[in-house]
Each structure stands twice: as C-alpha cells, then as structure tokens.
Amino acid sequence: MAHELDPFAGLGDVRWSRMRHAYGPATEVPELLRGLADPDPAARETALDGMYGAVHHQGDVYPCTLAAIPFLLRIAAASDLPGRAEVVKLLASIASAEDPTELTGPYKKANRTVTAAWPLWERLLGDPDPRVREAVAGLLAACVDGPRAAVTSLTGRLGDEDDPGVRETIVRTVAALCRRQRGAAGVPGGADDVPGGTEEVAGGAEGVRDWLGRVLAMEAEPQVRLVALAELASLGGGPAVEVGEALELLTALYETGTPPAAPPADFETPTLIGALRRAREERDAGRRAPRAGELVHTVSEGLGERVGDRVRLLTALLRSPDWECQVDAMGPAHVLVANWRGDYAGLVSALGERVLGERALGGRGRGRPGAVVMSRAVGVLDALGELAAPAADALAEVLAATERRVADHTRLEDAEPPWVIEWPRDQPTVSPALHALSGTGDERALPMLAWALERERMPRDVAQLVGRFGPRAAPLLPLLRRRLRDLPADQPHDHRHDSICWALSRVGPRAAEALPDLLGQPVTEGWLAAVGAIGPGASVYEPILREAAASPERRLAMRAAKALWLVTGDLGVAVAVADRYLGGDNPYAVREAADLLGCLAPAMAERERAAKPRITLLRRLARRKDRYGWVPLAAARALFRLTGDPEAALPVPARVWELNRHTRTEAAELCAELQRAAVDARPLLEAELGRARRHNASDDGYGSAQVVDDEKLLRRCREALDAMS
C-alpha cells in the first residue's frame, strides 16, 4: 500500500480548509503533521506545539483532529522516522488515555479510532526504542472497550522488558485498567509463575492485586517496586501497604538515582512545549533521581484515605538529610493537606524546619538546594491558614532576619524570603512567607504588614491581610488612615483603596477615628461596610447612606441599607430595600434580600410584627426547588429569626447539604441557631466530621482558600453539635 512507503500519502486530498481548529481554519495541519517527523528536533517540537495548541487545544477534539489520526498512526508505525514517541503520546492524549470513561461524541470516536489500531500497538510494545515502548504502554490505558487484550499484552511483555521506565508504565496501566473495570469479571493479567506471562489472572481486581504482589516481590528496580506498592495500596482489599517498606524503597531509589525523562536538548524553540521542556531540564539539573518526585506522589496518592500513613511518609521525607527527598515531598504534602482532613501538626512542624534549614546552613545563594527547599516549604504553608501555626515561629524568625526585603518575582527561590514581591506589570504583593504568617493570626506579622502598608508602592493585598486581624489591627489605624488619604480612589483597576475600607470594617467601632478620612471618598461597598461597622458614631454620614440606599445598583443599595440601620437604627428604609428585591426573579438578589432580612430580624421582632405577606413569601422561598440551595437557606434563616418558629427551617439544611456542598458551612451555622430543634440533623453533622476527604476537594485541582474554608466548616459543625447538647 502507498502509505507503507509514504506516511503522508493522501494528505493533500483531505479538505483541511473546510475544517476548523481552536484558532480558525485548519489549513496548516498538513505542515504540522509533516513537521512531526522532521529530522530537525526543533522543527518537531514546533510542530508538536502547534498540534497541542490548536488541533488538540486543551484536550479538545475537532473534525481536523479526527482527520489527523490516520496520519499520526502511520508516523508511529514508521520505524525509520524520528519523533515517534511524542506522536504516540499525542495519540494517547487524543484518545483520552488519562481518563477514557464516559466519553461521548468526537471524544469517543477518537478513542475508538486510536485503540482500534490494536495490531500496531501490540507490535510497538516490542519496538527497539524504549521511549516508544513506554509511550505505547501508557496509551493502552485508553482501551476501555478491550481491556482484557491490553492487560494480557502488557503483563506478558513485562517479563521481557529491560527498561525500568517501560516496566513502571506497564504496572501503572495494568492497575488503571483494573480500576476502571472493577466489577467486570475476569480482568486478565500475567501468569502465576513469573510477573508477566500470557496466561490470564483470574478473579478480576483480586487477580491483578496478586499479580502486583508478585511484581513487588520479584522486581529488582526500586522505582518499579514503588509503583507496584502504590498501585496495590490504591486498589485496596489486600494486606495494608507498610509505610516503612515504601520509605526503604524510596531511600534506595534516591541512593541509586534514576535516569532523566529525556536528555537535555541542545536547541531552543519559542513554544510553550519548549518552555515546559526547559523548565523540566532546569528542575532536574543537579539531581540524582529526577524521576523520584513522581513516584513519591504516586505512593502518597496510592495510600488514599490513609491520611495518617501519608503524613508519616511525607514527614519522614521532609526530615530526610537528602534535599531531593525534601523537595519531592512538598508537592504531595500540599495535595494531601488541600484535599484530606487529618492531624497535620507534625507535618507542618517539619515544613517549618525546612523553612529554617537554609538559614541554619548559612546559605545566601540563589538556586542552592536549601533555598529551593525553603521556598517550596513556604509555598505549602501559604495556603494552610491557621493550620500553619506549628510553623509560625520558623516563619517569624526567617522573616525577621531578612530586614524588610523586597524581591523581584523571579527571585522567589532566593535563600532569604522577602516581605514584598514586585511584579513587572502589576502592583506588588505580600510575599508567600509573610502571607503564611499572617494566615496563622500570629501578631508578629503586624509590624511587617505595617511596613508594607507604608511603602510608596503599597502591595495590593496587604490591607486585606491586616483586616484578618480584626480589632487586633487597631494599632495600624494611623497607617490605614494615611493610605486612605493618599492612594488614588478613582482608578478602576486599583482596588487598594477599597481594601483599606474593608480592613477598617474588620477593626470595628475602634475605626471611628478614621471617620474624617472617609469624608469625600467614593461610596463603595467597602466604604459602606466601614461606616456600618463604626456604628452610631458615624451618624454624620446619614444623608450619604440614605442616598446610597436609594441607588439602582442592588449590592450598593443593600449594603447602604444595612449600614443606615447600624448607624441610625432606621429599620424602615432597610426593610423596604430588602422587600424591593425579595420577590424578584434574580436568585442572587433574592438571596441577598433574605440575608438582609435575617440581619434585621431581631430589631424587626422588637419593633413590629413582620408583615404576613413577607412571611408567606419567605416560607415559599424556603421550600423552593433551587439549583444551588442558597435561596432556601437564606430564606429559612430569615424566617426562623423573624418568627422564632423552627418548623419551616428544619428541613432546609439537610436538603441543601448534598445539593451543593458549598452551602454546608452556612447550613451548619443555621443548625447551631436552631439548637435543640435541629437535633435530627445531628447524624448529618457527625457524618461530615467523620469524613476524611475535605468537602470542597476536587480531582481537578484545588483553590487557595480550600483548606481554610473546610476547616471553617468543621468548626461550625462542632459548634452546631455543642448547641444541640
């Protein structure tokens, strides 16, 4: 056939111009496909970047992506062409090998087209190039429609495979296929006598676990044994994986070292893939075991909800004298704390030791291993909030030693952590180390934040951090007042002025001394929050508050109505603003109106009986089928506070709990208000406290406030249970 001689035969016959990719007509796809097999590695990297960037943009599959698959298969099959391993990896991505479950439309078609080339993949498992074999072993994870053949070929290949990287990938893929096919009988595997054979492993997941156990017992390479150990842990059901065994294997791996994923390239390309390659090369420079970090992550993830064992593993690595062990434990530690609940005092203390480690060594040079370790440790602590408290002494000590240092954003891995970071096209920010110390609530951060407030180029987030200290930040009021006067208040993208107002609102009535400085400032939500928090002492601003309460801008009007009530006690205007939006169609407005009524409820109960139509409307809103649960929750809270009758509110927390996990904190707060009346919610709260995984954990990543928000939920659940006692 023609394509056996020329992989690009027929390429010009495809009507590429009638197809589109992420950025327009797919006219350059033929050039990109030819570039994938170019003798020049720079040309290949540029073409690969174009394929990932446009034809397979962010994992998308377009008609032109499907049309490219036959040519990609031919390139992979042509043993005399360069770049085949990268092409196989591209095909694996197009086939959704990382997660091929529940595919539909073009994604399912792409998966079936790629995996249908089964004879090719079976042949390439024996290719002379180990990088091709490794890529193919990873691609076979996409075989959701034919896992038996894939597992049989992979386990059969293991006994003859001499490359540790390929063996590692085989073990990973067999375990992945097993996880996806749980419940399917007869998942095949290798023979009983040696790891790898052509006989089937009977018994599905149990058979694969037995096979992994034999791999673990007979394998000589530490990295392959580690993967088998981690996959055994993740599949569960067998004997518990011992942390001590994992640590012994990791120690051996760091001592013997691992080859790099690829040798350093001697060329440059102005592409994203090139930038990622250079970053990987820089990261791996000077390391004995550059692939060990991925294995640490694999072992930690394999232990799953065995949080205590994961803490033991990572704490031991953090306290290892080997800086590579320390660095490689940082990422898994961040993932663990972000997604799982547990006792992290020892782990956080170990992170604190790593913060001090470089200073204890007397290091001052950028890029030193100790400086890298310190920077990574600070990065983990930065997102932990109060959980970082066991490392507060270390953070305070190392910051105090840096003498008000400002650093460029490119020098975050210097041996001395800065207080403030400068950015090329944006306002400065508080450094991660100072941010982490502030998050613990440690007052040693306040003088440092005061210095940052005084800088001519004030960091955009410093006032927000000051506000977290609440009334304890009162000593910084003179600085807040001065910056309120001298910062521009009319720049649309400069929110520092408003953040100072929010900080004043957190200080509370003691911020009354800032009243003269608030005069003449723009009336924003932050300004209104500050005035409201000051309370009756701010009565001079009553005309401004009344005018803002009449604003057509909803959020401004509601904030002003609440502030007017707090300052003057005028309940009528505030209730009128809430009523204006309570019966509307906008769920955000309805929720805000119900929240406002909930705040006003105690005063309304004292001065007047709530109007019957309003109560009727709130009852209806509390029963409302709401997609996210926020409106019923706000309505139930307002209704209970207005009437004192818990009956209408009682069903709501349980209803919204599973509907939207992000409502749980407020639902627990409502249970605390209901006290003994909410006793039926006790199992719900106890079950939440018993869960190992954070309520807001996600397999797609994590947010900067994830830990703080989940810890707040846990506190609210405990408070609710105490209120029921």
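Up top is the structure these notes are about.
Residues numbered from 1 in each chain as written. Predicted model: local features only at pLDDT ≥ 70, side-chain atom pairs only at ≥ 80, totals over all residues. Heavy atoms only, no water.

Asker: Is there a simple way to explain the overall build of the protein in this structure?
Answerer: Tallying secondary structure elements over the protein gives 37 helices and 5 strands in all. Reported as C-alpha extents along the three principal axes, the dimensions of the protein are approximately 90 × 60 × 60 Å. Looking at the protein as a whole, 54% of its 725 residues qualify as buried. Pairs at least 24 apart in sequence give 67% of the contacts found in the protein among residues at least 6 apart. Approximately 32,100 Å² of the protein is accessible, and the part contributed by carbon and sulfur atoms is 51%. On the protein, the mean spot of the 90 positive side-chain charges and the mean spot of the 103 negative ones are 5 Å from each other. (Helix = DSSP H or I, 4+ residues; strand = E, 2+ residues; numbered from the N terminus. Buried < 20%, exposed > 50% of the residue type's maximum accessible area, 1.4 Å probe, protein only. Contact = heavy atoms within 4.5 Å. Areas by Shrake-Rupley, 256 points an atom, 1.4 Å probe, with all protein chains shown as cover. Lys, Arg positive; Asp, Glu negative; His and termini not counted. Charge placed at Lys NZ, Arg CZ, Asp CG, Glu CD.)

Asker: Where do I start with the pairing of strand 4 (residues 420-423) in this structure?
Answerer: Remember that side chains alternate between the two faces of the sheet whenever the strand is regular. Relative to strand 4, strand 3 (residues 406-408) is paired through 3 bridges, and the arrangement is parallel. Following the sheet pairing, Ala407 is matched in strand 4 by Ile421. Bridging between strand 4 and strand 5 (residues 426-430) involves 3 bridges; their strand directions are antiparallel. Within the sheet, the bridge partner assigned to Trp423 lies in strand 5 and is Asp426. Hairpin geometry of strand 4 and strand 5 is characterised by an intervening segment of 2 residues between the two adjacent antiparallel strands. (Pairing = 2+ DSSP bridges.)

Asker: Looking at this model, I keep getting lost on the nonpolar core. Mind explaining?
Answerer: One recurring pattern in soluble globular proteins: nonpolar side chains tend to sit buried together. Of all hydrophobic cores here, the largest spans 233 residues; its most connected members are Leu33, Trp121 and Leu518. Residues in contact with Leu33, not counting those within four places in the same chain, are Phe8, Leu11, Trp16, Met51, Ala68, Phe71, Leu72 and Ile75. (Core = buried A, V, L, I, M, F, W, Y, C linked by side-chain atoms within 4.5 Å.)

Asker: Help me out: how do you make sense of unusual backbone geometry in this one?
Answerer: Where the residue is not glycine, phi is negative for most of them; where a peptide bond is considered, it is trans in most cases. Its identity is not glycine, yet Gln58 carries a phi of approximately 50°, on the positive side. On the basis of relative accessibility, which here comes to 71%, the residue Gln58 falls in the exposed class. Positive phi, normally seen in glycine, also occurs at Ser96, with a value near 60°. Looking at the secondary structure, you find Ser96 in the loop between helix 5 (84-94) and helix 6 (105-115).

Asker: Teacher, can you tell me more about the pattern of salt bridges here?
Answerer: Here the idea is simple: oppositely charged side chains can pair when their charged atoms come close. The full count for this structure, using the stated rule, is 57 salt bridges. Note that Glu281 and Arg277 form a salt bridge whose closest N and O atoms lie 3.3 Å from each other. Taken together, the residues Glu281 and Arg277, both in helix 14 (residues 272-284) and 4 residues apart, mark about one turn of the helix. With a closest N to O distance of 2.7 Å, Asp595 and Arg637 form a salt bridge. With Asp595 in helix 31 (residues 587-607) and Arg637 in helix 33 (residues 630-643), this residue pair connects regions lying 42 residues apart in the sequence. With relative accessibility at 23%, the residue Asp595 sits in the partly exposed group. A relative accessible area of 9% places Arg637 in the buried class. In the salt-bridge network here, residues are joined through shared partners; they are Arg341, Glu658, Arg664, Glu688, Arg691, Arg694, Asp710 and Glu711. (Salt bridge = Lys/Arg side-chain N within 4 Å of Asp/Glu carboxyl O.)

Asker: Mind showing me how you'd approach the sheet that holds strand 5 here?
Answerer: Pairing between the strands of a sheet comes from backbone hydrogen bonds, and it takes one of two forms, parallel or antiparallel. Ordered in space as 3-4-5, the 3 strands form an open sheet in which the pairing is mixed. The sheet is open, and its two borders are formed by strand 3 and strand 5, each paired with just one other strand. Ignoring strand direction, the axes of neighbouring strands in this sheet form an average angle of 25°. (Axes fitted to C-alpha atoms, helices over the stretch in contact; angles between N-to-C directions.)

Asker: What is the right way to read the environment of Leu381 from this model?
Answerer: Turning to its location among the elements, Leu381 is positioned in helix 19 (residues 369-381). Counting along the chain gives 220 residues from Leu381 to Ala601, while the straight-line C-alpha distance between them is 40 Å. Among residues more than four places away in sequence, those in contact with Leu381 are Val348, Leu351, Val355, Ala388, Ala391, Leu395 and Ala436.

Asker: What should I look at first to understand the packing of aromatic side chains in this one?
Answerer: One pass over the structure, following the stated rule, counts 3 aromatic pairs. Arranged with centres 5.3 Å apart and planes meeting at 65°, the rings of Trp527 and Tyr541 form a pair that is edge-to-face. Taken as a pair, Trp527 in helix 27 (residues 525-534) and Tyr541 in the loop between helix 27 and helix 28 (542-549) lie far apart in primary sequence, 14 residues in all. Like Tyr541, Trp527 is buried. The ring of Phe267 is capped by Arg277, whose NZ or CZ atom sits 4.7 Å from the centre of that ring. Looking at Arg591, its charged tip hangs above the ring of Trp630, at a distance of 4.0 Å from the centre. (Phe/Tyr/Trp six-rings, centres within 6.5 Å; stacked < 30°, edge-to-face > 60°. Lys NZ or Arg CZ within 6 Å of the ring centre and 35° of its normal.)

Asker: Whenever I open this one, the packing of helix 33 against helix 34 (residues 651-659) confuses me. Can you help?
Answerer: Contact geometry of helix 33 with helix 34 gives a least axis separation of 10 Å together with a crossing angle of 160°. The pairing of helix 33 with helix 34 is recorded here as roughly antiparallel in orientation. Between helix 33 and helix 34 lies a crossing whose hand is left-handed. Contacts between helix 33 and helix 34 pair Pro632, Leu633 and Ala636 from the former with Val652, Arg655 and Val656 from the latter. For the contact of helix 33 with helix 34, the class distribution of residues is 5 nonpolar, no polar and 1 charged. (Parallel < 35°, antiparallel > 145°, perpendicular 65-115°, else oblique. Left-handed = near helix turned anticlockwise from the far one by under 90°. Nonpolar A, V, L, I, M, F, W, Y, C, P; charged D, E, K, R; others polar.)

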